[in-house]
Amino acid sequence: MYLADADAGTAYTQVDFRSPLALVVGGEAQGASPFAASLATDRVHIPLPGGMESLNAAIAGAILLFEVVRQRQV
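Criteria and cut-off values
The numbers attached to residues start from 1 for each chain and follow its sequence in the written order. Only residues with pLDDT of at least 70 are given local features in this predicted model, and only at 80 or more are side-chain atom pairs given and counted; all residues enter the totals for whole chains, interfaces and linings. The side-chain numbers reported here are obtained from all heavy atoms of the structure, hydrogens and water having been left aside. We treat two strands as partners when DSSP finds at least two bridges between them. Counting from the N terminus, the helices are the DSSP runs of H or I reaching at least four residues and the strands are the DSSP runs of E reaching at least two. When the centres of two rings from Phe, Tyr and Trp lie within 6.5 Å, Trp using its six-membered ring, the rings pair. Their planes under 30 degrees apart give stacked, over 60 give edge-to-face, and anything left gives tilted. The buried label applies to any residue whose accessible area, calculated with a 1.4 Å probe on protein chains only, is under 20% of its type's maximum; exposed applies above 50%, and partly exposed to all values in between.

> Mind showing me how you'd approach the sheet that holds strand E1 (residues 2-4) here?
Taken together, the four strands give an open sheet; going across it, the order is E2-E4-E1-E3, and neighbouring strands pair in parallel fashion. Either end of the sheet is taken by a strand with one partner, and the two such strands are strand E2 (10-11) and strand E3 (23-24).

Here's what the structure looks like:
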């Protein structure tokens, strides 16, 4: 189970998403709930250039899901 984290974890491009998984993406304001975060076995992040702080949750989720699908098509 992966938790998308703006500040920690492995860059999403370095993670093997080919196995069955669950992905938790929290809201922009408060992130994932403490309960959801406690279930995560790994954290992933999307590296952002410059001074960007974070992405909209929907955009972050779309990027991560695109990578999951991309890896599974190879």
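> Can you walk me through the packing of aromatic side chains in this structure?
Each pair of aromatic rings is reported with the distance of its centres and the angle of its planes. Taken as a whole, this structure holds one aromatic pair when the rule is applied. Measuring from centroid to centroid gives 5.3 Å for Tyr 2 and Phe 17, while their planes differ by 75°, and the two rings are edge-to-face. Here Phe 17 lies in the loop between E2 and E3 and Tyr 2 lies in strand E1, a separation of 15 residues in the sequence. Overall, Tyr 2 belongs to the buried group, its relative accessible area being 14%.

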